[in-house]
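# Per-entry structural report
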Amino acid sequence: MFKPPLQNTSAPRDQEPDADLQKILDWHAKRRERLLRGEYESHVLRLSELVNQNMESPMRIGAVRVEGATNTRKSFLASLIDPVLAQPANTLEDVLHTTRRISQTLQKSNLFKHVEARLESSRQPLASPQDVDVVFKTRELGRYYLNTSTELGNNEGTASATARIRNVFGGGETFEANMAAGTKTKKSFRGALSFPLSSDLRTYGELLAYGLERDHTSYASCTEDAKGFKAIVRNGSHNEGYHELAYEVVHRYLGNLAPTASMSMRSAAGPSTKSALSLTYIRDTRDDQIAATRGFYIRLFQEIAGAGAKIPLRSGMSTATTAQTPSSIGLGGDASFYKAEAETQVSRQIVDGVSMSVALRSGILLGLSDKPVAPFPDRFQIGGPTSVRAFKSFGMGPRDGPDSLGGDIFYSLGLSLVTNIPRKPHWPVKAHTWINAGQLDSLNYGEPSISAGLGIIYRFDPIRLEVNFGMPLTANKSDVLRRGIQVGMGLEFL
Amino acid sequence: MLALPTPLANLFALFPLRTYPPILPLSKKPCTAPTLWVQSPVSPDDTLSADVECLKWQAYLAFRGLTAIHLRTDIHPEGCIDRRLPNLHTPSAEIEDGELLPARLIPTWVDSQKGAVDPNLEGYTDEAARDESRAWVTLLEGAVHAGLLLVQPQPSYLKQILAFSFTPSLSFTWSSADQSGTPSSNALPGPSFQTLVTPPPPPATGLTSPIPPSGVRVSPNAVMTRYRDAISALSERLGTDRWFLGSSEPTPLDALAFAYLHCILEFENDSIRVEVSRRANLVAWEKRVRDTVKAAFTVV
């Protein structure tokens, strides 16, 4: 006879709880999940075994089909896929590798939200039993994009509107138009069409038309209107770095001079045209912009503008009415110079929570014509919270009265120690102490201006905000100092 | 205003710990002599500007007896006071860089150098001549200027598109001779047909067209007839006199007349030039005055 209360005689298996009903239910749910996962894993294992054992079995690709690419040109897809198919695929292994490579290329084209590959028996009427069709089921990304935004960065505030059309002509082209109004760049527009130039999608071309109105009144008593066109060929990847070859023609107009403008700025006012070829290399392998533990950032830039080679006229060619000046060939434009710039930044963790960062920027500008100086907009300007701190923005270098005229040679060096806030390492706020040095001159050698200080960094991705207390230690008499507190916003800091 | 506490101000004053000499711009030239900023001459070695307004002031300075005036032709009007050439850059004892004067202040500066002229007669022989000079000024600035404007080549469409703040070519621009007028805050444009031709011409597109009114509809024949009449009258009035209106010394009217006559004679368009070149007295007068004006300037 059984008499209640009955004893629980079940042997507890697999740590099954015995008291709370909720706990028992949870335990069962977890157990079920575990079983399913195990089943799935064993299926995968079986499948991969099956595939691995049949790697050498003969198989050929009969056709490649891309489904769902309604807005993409067939010829463009063919140009991406054909080079991959050029390598013969005779076994299952080859077919799988080819499929993976095509899938990667499709994903790299930045046209698809979703790419899924499938192997099917070939539908071709003359197909042999070993022939398969590779079918990609894709979903294209939205073609139209419209965005309005308000941004703060590089010590200026901007409101902008951007419109983007992806895959404009069905060949992976992107058209982007942007209009912005801001505090320093008063207004700007930019229209760019970028398109792939090579089937491996490593080389892109870009045609760019832009116009902007910049306000230089705070340091050079004028405003600048620029309208230009740029054609760029860009090659490379994020890991290897990018090479950029660009041709740019831009018309600048310096005007709206302040009544107190210096004689040098008055001489510089008016229009100038630059027609230039430039070569840029950028590589950024840092894992973090503020406190990187590995990698480095480097940017090398070279530009040649104008550079007309003078061709003396033969004596018979000149007549009484033509001027006796030699004609010249070259890129044209008023500006004729060679410019080279280098920028690098490395930071490493020295102890837990403390990292050290070193940044160096330098540049040189050599005039190539009989004019002693390059036009004002092409000259270098340094100083300010994102450059040499404790000096006013663009407050260093050759100066005439209230105006920073810019220089032909410069370097700026920054060393900073970034630490976490004690007991709050997860905060986006960091403390730092820094020492900056810099010099900007007109192809002269002088003494560097040095400053030091400390402050806090607020990481406001991708923008960085800094509040610093700094003092200039050495300075040229012409430098405009910013003793005490200085606020900086920007992407790249010294 | 928030003042910095004294101890903090004292601390701040210690920095920078070391100060080096200022970095001076290499391209800057000190102002050692009065320098007139003008529109470039037709040929680089010439000292007479190709612009009527600039040439008028060159003649004015020369007529007032100033010599060894430097000339700079590399400054764009945007760099000038009132965004208009010419400007006079004068050395100054008080200001290191010298003082920059707009055209309207040039007479005051010349008066300070050479003594003032009788403000009632302005250098003319009598009041009647002074009043008559006003009519000649109006004729030159109106009928003659309109004739020049008619044959002036228009800037290319590409140039108009490229230039953000497009400034029209300066040649033959002419501001009002009113020297006491308020400075215009705007860059040129100079006078157009709307202001030069009387009665003002109608727009090129009008009420009967769907396009909003724009441009001007001028009759080239009417403008050229008035131009021819004006030159003929000018020639008759000068006769064989040494200066216009029988003055013994050059007057502001002579400066203006010289500026126009010189520009016309240098101009490539035959239809404009022939009206002056066939009048021997005007040609001879212009040549004599040209030598006087040229002698007063040196290009730096």
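Just so we're clear, the structure is a prediction, and the values are computed from it rather than from any experiment.

### Concerning the overall build of chain B
A tally of regular secondary structure across chain B gives 10 helices and six strands. Put simply, chain B has 300 residues, and 44% of those count as buried. Carbon and sulfur atoms form 57% of the exposed surface of chain B, whose accessible area is close to 15,600 Å².

### Here's the deal with the overall build of chain A
Counting secondary structure elements, chain A contains five helices and 23 strands. In terms of C-alpha radius of gyration, chain A reaches 32 Å, well past the compact-globule figure of 23 Å for 494 residues. Principal-axis analysis of the C-alpha atoms gives chain A an extent of 125 × 70 × 35 Å. By residue count, 41% of the 494 residues in chain A fall in the buried class. If you take every contact in chain A between residues at least 6 apart in sequence, the share linking residues at least 24 apart comes to 58%. If you sum the accessible surface of chain A, you get close to 26,900 Å²; carbon and sulfur atoms cover 58% of it. Side-chain charges of chain A comprise 58 positive and 51 negative groups, with the mean position of each set lying 3 Å from the other.

### So, the interface of chain B and chain A
With 35 residues of chain B at the contact, the number on the chain A side is 42 residues. At the boundary of chain B with chain A, total buried surface from both sides reaches about 3,100 Å², with 64% on carbon and sulfur atoms. At the surface where chain B touches chain A, the tally comes to one salt bridge. Measuring nitrogen to oxygen at the nearest pair gives 2.7 Å for the salt bridge that ties K28(B) to D400(A).

### Observations concerning helix 9 (residues 270-277) of chain B
Residues and elements named next belong to chain B. Buried within helix 9 we find I272, E275 and V276. Taken end-on, helix 9 shows its buried residues confined to a sector of 95°, consistent with a single buried face. In this structure, the buried side of helix 9 is in contact with helix 4 (127-151), helix 7 (220-238), helix 8 (252-266) and helix 10 (280-295).

### Overview of the packing of helix 4 of chain B against helix 7 of chain B
All names here are of chain B. Contact geometry of helix 4 with helix 7 gives a least axis separation of 9 Å together with a crossing angle of 140°. Classified by the angle their axes make, helix 4 and helix 7 are oblique. The hand of the helix 4/helix 7 crossing is left-handed. Where helix 4 abuts helix 7, its residues E132, W136, L139, L140, A143, V144, A146, G147 and L150 lie against P220, V223, M224, R226, Y227, A230, I231, A233, L234 and R237.

### Regarding the packing of aromatic side chains
Within the structure shown, the criterion is met by eight aromatic pairs over all chains. Where W57(B) meets Y60(B), the ring centres are 5.4 Å apart and the plane angle is 70°; that geometry is what we call edge-to-face. With W57(B) and Y60(B) both in helix 2 (residues 52-63), this residue pair falls three residues apart, about one helical turn. According to the relative accessible area criterion, W57(B) is buried, its value standing at 3%. Above the plane of the ring of W434(A) lies R389(A), whose end atom (NZ or CZ) is 5.4 Å from the centre. Above the plane of the ring of W243(B) lies R288(B), whose end atom (NZ or CZ) is 4.9 Å from the centre.

### Section: empty space enclosed by the protein
All names here are of chain A. Taken as a whole and assessed by the stated rule, the structure comprises two cavities of 30 Å³ or more. By volume, the largest cavity amounts to about 40 Å³. Considering the residues around the largest cavity, the lining is formed by N71, L111, E140, L141, R143, R166 and N167. Of the residues in the lining of the largest cavity, the class split is two nonpolar, two polar and three charged. Empty space within the second largest cavity amounts to approximately 30 Å³. Lining the second largest cavity we find Y297, E343, T344, Q345, A359, R361, E492 and F493. Those elements that provide at least two residues to the lining of the second largest cavity are strand 15 (337-351) and strand 16 (354-367). The biggest single contributor to the lining of the second largest cavity is strand 15, with three residues. A breakdown of the residues in the lining of the second largest cavity according to their chemical character gives three nonpolar, two polar and three charged.

### A word on the packing of helix 8 of chain B against helix 9 of chain B
Residue and element names in this part refer to chain B. Orientation of helix 8 relative to helix 9, taken along the N-to-C sense of each, is 125°, at an axis distance of 8 Å. Considering their axes alone, helix 8 and helix 9 lie oblique with respect to each other. In this structure, helix 8 crosses over helix 9, and the sense of that crossing is left-handed. Residues L261, I264 and L265 of helix 8 pack against I272, R273, V276 and S277 of helix 9. Split into classes, the residues belonging to the contact of helix 8 with helix 9 amount to five nonpolar, one polar and one charged.

### With respect to the environment of P153(B)
For P153(B), the location among the structural elements is in the loop between helix 4 and helix 5 (157-162). Taking C-alpha positions, P153(B) is 35 Å from D241(B), a pair spaced 88 residues apart along the chain.

### Side note on the domain arrangement of chain A
All names here are of chain A. With domains assigned, chain A is organised as domain 1 (60-140) and domain 2 (197-307 + 332-490). Taken over C-alpha atoms, the centre of domain 1 sits 46 Å from the centre of domain 2. Summed over both sides, the interface of domain 1 with domain 2 buries roughly 410 Å², with 62% coming from carbon and sulfur. At the boundary of domain 1 with domain 2, the tally comes to zero salt bridges. Along the contact surface separating domain 1 from domain 2 lie one residue pair in polar contact (both at pLDDT 80 or more). At the level of elements, helix 2 (74-85) and helix 3 (92-108) are the ones that each hand at least two residues to the side of domain 1 that touches domain 2. For the side of domain 1 that touches domain 2, the element with the most residues is helix 2, which contributes three residues. In the side of domain 1 that touches domain 2, the residues fall into two nonpolar, three polar and one charged.

### Points about a nonpolar patch on the surface
Residue and element names in this part refer to chain A. Together, I350, V351, M356, V358, L360, Y411, L413, L415, L417 and I435 make up an exposed nonpolar region whose accessible area comes to about 760 Å². When contributions to the nonpolar patch are tallied by element, the ones reaching two or more residues are strand 15, strand 16 and strand 19 (409-420). With respect to the helices, strands and loops of the structure, Y411 is situated in strand 19. Judged by relative accessible area, which is 31%, Y411 ranks as partly exposed.

### Describing the UniProt feature "domain: Metaxin glutathione S-transferase" (unreviewed entry) in chain B
The UniProt record annotates "domain: Metaxin glutathione S-transferase" (unreviewed entry) at residues 228-289 of chain B. Spanning residues 228-289 of chain B, this segment combines 71% helix with 0% strand, and its end C-alpha atoms are found 22 Å apart.

### Some words on unusual backbone geometry
Cis rather than trans, the peptide bond between F15(B) and P16(B) has omega equal to -5°. A cis amide bond links L85(B) with the next residue in sequence, P86(B), at an omega value of 0°. Summarising the element assignment, P86(B) is placed in the loop between strand 3 (69-72) and strand 4 (87-90). At F394(A), a position not held by glycine, the phi torsion is positive, near 55°. Taking relative accessible area as the criterion, F394(A) reaches 29% and is therefore assigned partly exposed. Although it is not a glycine, L245(B) sits at a positive phi angle of roughly 60°. By the element assignment, L245(B) lies in the loop between helix 7 and helix 8.

The rules behind each value
- Residues numbered from 1 in each chain as written.
- Chains lettered and ligands numbered in written order.
- Predicted model: local features only at pLDDT ≥ 70, side-chain atom pairs only at ≥ 80, totals over all residues.
- Heavy atoms only, no water.
- Helix = DSSP H or I, 4+ residues; strand = E, 2+ residues; numbered from the N terminus.
- Buried < 20%, exposed > 50% of the residue type's maximum accessible area, 1.4 Å probe, protein only.
- Areas by Shrake-Rupley, 256 points an atom, 1.4 Å probe, with all protein chains shown as cover.
- Rg over C-alpha atoms; globule rule 2.2 N^0.38 Å.
- Contact = heavy atoms within 4.5 Å.
- Lys, Arg positive; Asp, Glu negative; His and termini not counted.
- Charge placed at Lys NZ, Arg CZ, Asp CG, Glu CD.
- Buried area = accessible area lost by both parts, 1.4 Å probe.
- Salt bridge = Lys/Arg side-chain N within 4 Å of Asp/Glu carboxyl O.
- Arc of directions from axis to C-beta.
- Axes fitted to C-alpha atoms, helices over the stretch in contact; angles between N-to-C directions.
- Parallel < 35°, antiparallel > 145°, perpendicular 65-115°, else oblique.
- Left-handed = near helix turned anticlockwise from the far one by under 90°.
- Phe/Tyr/Trp six-rings, centres within 6.5 Å; stacked < 30°, edge-to-face > 60°.
- Lys NZ or Arg CZ within 6 Å of the ring centre and 35° of its normal.
- 1 Å grid on protein atoms, 1.4 Å probe; cavity = no way out; pocket = protein on both sides within 12 Å on 5 of 7 lines; lining within 4 Å.
- Points joined across faces, edges and corners; volume = space filled by probe spheres on them.
- Nonpolar A, V, L, I, M, F, W, Y, C, P; charged D, E, K, R; others polar.
- Domains from an automatic or database assignment.
- Polar contact = N/O pair within 3.5 Å; in protein donor to acceptor, adjacent residues only side chain to side chain.
- Patch = residues over 30% accessible without salt bridge, like charges linked within 9 Å, V, L, I, M, F, W, Y side chains within 5 Å.
- UniProt positions renumbered as here; feature names shortened; annotations may be inferred.

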